[in-house]
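Here are the chains, one letter per residue:
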Amino acid sequence: MSLTIAERIKDIPFSSIRKIFEEAGWMEKKGVKVTHMEIGRPDFDTPEHIKEAANLALQQGHVHYTSNSGIQELRAAIAGKLQRENNIEVDPDEGVVVTIGCKEAIVDILLAYVNPGDEVLIPDPSWLEYQHNVKLVGGIPVLVPLHEDKDFLLDPEEVASRITSKTKMLILCSPHNPTGAVLPESYLKELAALAIKHDLLVLSDEIYEKIIYDEAKHISIASLPGMFERTVTVNGFSKAYAMDGWRLGYVAGPPSLIQPILKVHQYNTTSATSFAQYGAVAAYNGSQEPVEDMVKEFDRRRRLLVEALNQIPGVHCVLPKGAFYVFPSFKGFGRSSKDLATYLLREARIACVPGSAFGEVGEGHIRMAFSTDYNDIEAAIGRLNESLMQIKG
Ligand SMILES: Cc1ncc(COP(=O)(O)O)c(C=O)c1O
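Values in this document were obtained by computation on a predicted structure and should not be read as measured data.

Student: Explain the pattern of salt bridges to me, please; I cannot follow it from the model alone.
Tutor: Any two side chains of opposite charge can pair, so long as their charged atoms come close to each other. Inspection of the entire model under this criterion finds 20 salt bridges. In this structure, E23 and R346 form a salt bridge, with 2.5 Å as the shortest nitrogen-oxygen distance. Taken together, the positions of E23 in helix α1 (residues 17–29) and R346 in helix α11 (residues 337–348) put the pair 323 residues apart, joining distant regions of the chain. D199 is the partner of R230 in a salt bridge, and the nearest nitrogen-oxygen pair spans 3.2 Å. Taken as a pair, R230 in the loop between β6 (201–205) and β7 (231–236) and D199 in the loop between α7 (185–197) and β6 lie far apart in primary sequence, 31 residues in all. The buried category is assigned to R230, whose relative accessible area is 15%. Take D199: its relative accessible area is 58%, and that puts it in the exposed class. Within the structure, one salt-bridge network assembled from shared partners comprises D43, E297, R300 and R301.

Okay, structure coming up:
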């Protein structure tokens, strides 16, 4: 039958986040006010100077396909940023591809490097796109559990114990979605040693690097000795510059690793949106004050939320060091995280994501994004408390 779907997508489900989105949408249509803590994007507007640069580009007629790898000004801005902030030296002409968000970069990388049957190490819980995209290209996701009592840090020993002759790639995400964990240098060094010993390619997703708190420091694994040649660094503009709707990201690394990715990108999308790329140049080359202000506000909300959650009997919440999510455990309430998320939506009018949406190890947890107004979070905590008391009876 010619209308049957391809085998490769048969095992891939729609995101379980959809159910919460849809139900929250119906409630709002009926006039119920829902606090949105499910959305993984900043609630701020894109800074004005970035919008102006894109507007100007439109007025100047930058409305056509660009070079496949992105406009030269943006590739140069990315290379400059990577050198200044990440201690990574990339060739702006051959070592950078501007993509339609990090999402496209990740799919392009997997298509360029993962053969059917290759194993890819992925932390569990993690952003589910990693797992499903690995499956889409015929690879095998090998999940490495993260533990709450170890602050959700990826344990190099756990990684080592899952490496086989088929392991091709290690995916890292620091700061991490959904836990907010930031990998310290000592962990990165051990992971780097493993990658070198077993000849692994590392995909380092650094989209949350600028959203970081307290003494935590973001280190790019590509900057460690012997790692540049085996790392593809993925980053973008969605989170730090509140540009998620602009759909702009990139992948950077040595030309030998980047050029095969360019080949996929070239046939896939031709180039990222022309005028949006001019906005991204302003994001990297212009004032970083809006980013700093946004992170300060996230920090205020983070403290409010974590302190309040830890005061609720039966709830435990690790203080995230980065990103804008908390990943508290509700294991004491004896409900699956899907049931609990549905209950919290209906009873407390809080939309959040069941931890199981990020992998099996996420079961018993809920992801709450604090990319929502401070006062709304404060009010939501009161309702959360009351609705959980009803469960405890
Ligand atoms: C870990 C991680 N990487 C990448 C992205 C998406 O990035 P982009 O909007 O650039 O596709 C997200 C979005 O939620 C994310 O959580």
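Student: I tried to follow the packing of aromatic side chains on my own but got confused; where do I start?
Tutor: Aromatic ring pairs are defined here through the distance separating the ring centres and the angle between the ring planes. All told, the structure shown has 16 aromatic pairs when counted by the stated rule. We note R300 situated over the ring of Y374; from NZ or CZ to the ring centre the distance is 4.0 Å. Sitting above the plane of the Y343 ring, R335 keeps its charged end 4.7 Å from the centroid.

Student: Just to check I follow, could you spell out the site of the ligand for this structure?
Tutor: Taken together, 13 residues form the shell around the ligand, and within it C102, N177, D205, Y208 and S238 come nearest. Within the side chain of D205, a nitrogen or oxygen atom sits 2.6 Å from a nitrogen atom of the ligand. Side-chain polar atom of S238 to an oxygen atom of the ligand: 2.7 Å apart, as the coordinates give it. Relative to its unbound accessible surface of 400 Å², the ligand loses 93% to contact with the protein. Among the elements that make up the shell around the ligand, the one with the highest residue count is helix α4 (residues 101–113) (three residues). Split into classes, the residues belonging to the shell around the ligand amount to six nonpolar, three polar and four charged.

Student: Is there a simple way to explain a nonpolar patch on the surface in this structure?
Tutor: On the surface, I5, I9 and L136 cluster together into a nonpolar patch covering about 240 Å² of accessible area. In this fold, I9 is placed in the segment before α1.

Student: Sorry, what's going on with the domain arrangement of the chain here?
Tutor: Where interface size is given, it is often the accessible area lost as the parts come together that is meant. When cut into domains, the chain gives domain 1 (7–45 + 290–392) and domain 2 (61–285). With 38 residues of domain 1 at the interface, the matching set in domain 2 holds 35 residues. When domain 1 packs against domain 2, close to 2900 Å² is buried across both sides, 62% of that on carbon and sulfur atoms. For the pair domain 1 and domain 2, the number of links is three salt bridges. The salt bridge involving E215 is made with K321; its shortest N-O contact spans 3.3 Å. Connecting domain 1 to domain 2 are 15 residue pairs in polar contact (both at pLDDT 80 or more).

Student: When you look at the pairing of β6 in this model, what are you seeing that I'm missing?
Tutor: Residues in a regular strand project their side chains so that they alternate between the two faces of the sheet. Where burial is concerned, most of β6 is hidden: five out of the five residues are buried. The two faces of β6 match: L201, L203 and D205 on one face and V202 and S204 on the other face are all buried. Taken together, the five bridges between strand β5 (residues 167–173) and β6 define a ladder with parallel strand orientation. Pairing of C173 across the sheet is with D205, part of β6. Tracing the backbone out of β5, into α7 and back to the parallel element β6 gives a crossover that is right-handed. Here β6 runs beside β7; their pairing, made up of four bridges, is parallel. From the neighbouring strand, V202 faces β7, where its bridge partner is T231.

About the thresholds
Residues numbered from 1 in each chain as written. Predicted model: local features only at pLDDT ≥ 70, side-chain atom pairs only at ≥ 80, totals over all residues. Heavy atoms only, no water. Salt bridge = Lys/Arg side-chain N within 4 Å of Asp/Glu carboxyl O. Helix = DSSP H or I, 4+ residues; strand = E, 2+ residues; numbered from the N terminus. Buried < 20%, exposed > 50% of the residue type's maximum accessible area, 1.4 Å probe, protein only. Phe/Tyr/Trp six-rings, centres within 6.5 Å; stacked < 30°, edge-to-face > 60°. Lys NZ or Arg CZ within 6 Å of the ring centre and 35° of its normal. Near = heavy atom within 4 Å. Polar contact = N/O pair within 3.5 Å; in protein donor to acceptor, adjacent residues only side chain to side chain. Areas by Shrake-Rupley, 256 points an atom, 1.4 Å probe, with all protein chains shown as cover. Nonpolar A, V, L, I, M, F, W, Y, C, P; charged D, E, K, R; others polar. Patch = residues over 30% accessible without salt bridge, like charges linked within 9 Å, V, L, I, M, F, W, Y side chains within 5 Å. Domains from an automatic or database assignment. Contact = heavy atoms within 4.5 Å. Buried area = accessible area lost by both parts, 1.4 Å probe. Pairing = 2+ DSSP bridges. Right-handed = clockwise from strand over helix to strand, strands pointing away.

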